[in-house]
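Spelled out from the first residue to the last, the chains are:
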Amino acid sequence: DSGVTQTPKHLITATGQRVTLRCSPRSGDLSVYWYQQSLDQGLQFLIQYYNGEERAKGNILERFSAQQFPDLHSELNLSSLELGDSALYFCASSARSGANVLTFGAGSRLTVL
Amino acid sequence: EDQVTQSPEALRLQEGESSSLNCSYTVSGLRGLFWYRQDPGKGPEFLFTLYSAGEEKEKERLKATLTKKESFLHITAPKPEDSATYLCAVQARSNYQLIWGAGTKLIIKP
């Protein structure tokens, strides 16, 4: 157990729907990162939060949004889902904003039918 | 453009057969290079950080090395439990976000 908790582990939904993925960082970590991992593209950075504030944005679609709450847990919202959004979504955490050693959760596998 | 390329995509070895995985990178000023291991159904797990050419790090049967253009992950006398996907990532001085390679899937047959 890495200490980073992600829920749900698996999610199956239909095109056009909206889902929310949840992440609780490792105790003491202030920074949360969201990544998408698909078979053909590897790990793609989506967005980072540090202590409740957005710190960096990667290749995140406009249909996706995220936030980090005062208790430091984070949610990734995916809307108007398309077949191509099927992927593993990982959350990672670190103690500080510019860290390069990340602790990853086990991921949420999203299947869009 | 900063990028990371890993080769081969997949590598099948017999138990005890040593080999190396490659990670080549182009980045405008390297802050650090990182190796992670990912088991099926799990998130990546940190292995090593390398900061400058010539640096080496070791952990059990794994040794990571770094040159100005690439890094190698050497696996000596591997065991079936070393089977995993090995990911390489770099961090540029200009942007601290990690840039990831696609990984090498290593399969060690008993």
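Above this text you will find the structure in question.
Quick look at the structure, then. (Residues numbered from 1 in each chain as written. Chains lettered and ligands numbered in written order. Predicted model: local features only at pLDDT ≥ 70, side-chain atom pairs only at ≥ 80, totals over all residues. Heavy atoms only, no water.)

## What to know about the layout of surface pockets
If you add up the space inside the largest pocket, you get close to 850 Å³. Lining the largest pocket we find 31 residues, and of these Gln37 and Leu39 of chain A together with Gln38, Thr85 and Ala102 of chain B sit closest to its centre. Elements that contribute at least two residues to the lining of the largest pocket include exactly strand S4 (31–38), strand S9 (87–94) and strand S11 (108–112) of chain A together with strand S1 (3–7), strand S9 (84–92) and strand S11 (104–109) of chain B. If one sorts the elements of the lining of the largest pocket by residue count, S11 of chain B sits on top with four residues. Classifying every residue of the lining of the largest pocket by side-chain character gives 12 nonpolar, 13 polar and six charged. (1 Å grid on protein atoms, 1.4 Å probe; cavity = no way out; pocket = protein on both sides within 12 Å on 5 of 7 lines; lining within 4 Å. Points joined across faces, edges and corners; volume = space filled by probe spheres on them. Helix = DSSP H or I, 4+ residues; strand = E, 2+ residues; numbered from the N terminus. Nonpolar A, V, L, I, M, F, W, Y, C, P; charged D, E, K, R; others polar.)

## Examining the interface of chain B and chain A
At the junction of the two partners, chain B supplies 16 residues and chain A supplies 18 residues. Of the roughly 1,300 Å² buried where chain B meets chain A, counting both sides, 55% is carbon and sulfur surface. It is Tyr96, Gln97 and Trp100 of chain B that lose the most area in chain B upon contact with chain A, and together they represent 38% of the buried surface on that side. The interface formed by chain B and chain A includes zero salt bridges. In this assembly, chain B and chain A are joined by five residue pairs in polar contact (both at pLDDT 80 or more). Among the elements of the structure, strand S4 (30–38), strand S5 (45–50), S9 and strand S10 (98–100) of chain B are those that each provide at least two residues to the side of chain B that touches chain A. Here the side of chain B that touches chain A is built from residues that sort into nine nonpolar, six polar and one charged. (Contact = heavy atoms within 4.5 Å. Buried area = accessible area lost by both parts, 1.4 Å probe. Salt bridge = Lys/Arg side-chain N within 4 Å of Asp/Glu carboxyl O. Polar contact = N/O pair within 3.5 Å; in protein donor to acceptor, adjacent residues only side chain to side chain.)

## Quick word on the pattern of salt bridges
One pass over the structure, following the stated rule, counts seven salt bridges over all chains. Ionic pairing is found between Glu55 of chain B and Lys57 of chain B, a salt bridge with its closest N-O pair at 3.5 Å. On the basis of relative accessibility, which here comes to 30%, the residue Lys57 of chain B falls in the partly exposed class. Measuring nitrogen to oxygen at the nearest pair gives 3.8 Å for the salt bridge that ties Lys63 of chain B to Glu56 of chain B. Owing to a relative accessible area of 47%, Glu56 of chain B belongs among the partly exposed residues under this scheme. Here the salt bridges do not stand alone but share partners, grouping Arg63, Glu82 and Asp85 of chain A into one network. (Buried < 20%, exposed > 50% of the residue type's maximum accessible area, 1.4 Å probe, protein only.)

## Description of the side chain of Asn77 of chain A
Summarising the element assignment, Asn77 of chain A is placed in strand S8 (residues 74–78). A distance of 2.8 Å separates polar atoms of two side chains, one belonging to Asn77 of chain A and the other to Thr20 of chain A.

## Things to note about the state of the cysteines
Enumeration over the complete set of coordinates arrives at two disulfides over all chains. Each disulfide pairs two cysteine sulfurs, and for Cys23 of chain A the partner residue is Cys91 of chain A, the sulfurs being separated by 1.8 Å. Judged by the sign of its S-S torsion, about -55 degrees, the cystine formed by Cys23 of chain A and Cys91 of chain A is left-handed. Of the two residues, Cys23 of chain A is situated in strand S3 (residues 19–24) and Cys91 of chain A in strand S9; the sequence distance between them amounts to 68 residues. Across this residue pair, the class does not change: Cys23 of chain A and Cys91 of chain A are buried. Disulfide pairing places Cys23 of chain B opposite Cys88 of chain B at an S-S distance of 1.9 Å. One disulfide, between Cys23 of chain B and Cys88 of chain B, carries an S-S torsion of -60 degrees and so falls in the left-handed class. In this pair, Cys23 of chain B sits in strand S3 (residues 19–26) while Cys88 of chain B sits in strand S9, placing the two residues 65 residues apart along the sequence. (Disulfide = S-S within 2.5 Å.)

## As for the sheet that holds S8 of chain A
Residues and elements named next belong to chain A. With antiparallel pairing, the four strands of this open sheet are ordered in space as S1-S3-S8-S7. Each edge of the sheet is formed by a strand with only one pairing partner; in this case those strands are strand S1 (5–7) and strand S7 (64–68). Averaged over all neighbouring strand pairs, the angle between strand axes comes to 15 degrees, with direction disregarded. Bridging between S7 and S8 involves five bridges; their strand directions are antiparallel. Considered in S8, the bridge of Ser65 is made with Asn77. (Pairing = 2+ DSSP bridges. Axes fitted to C-alpha atoms, helices over the stretch in contact; angles between N-to-C directions.)

Shape descriptors only; they carry no functional weight alone.
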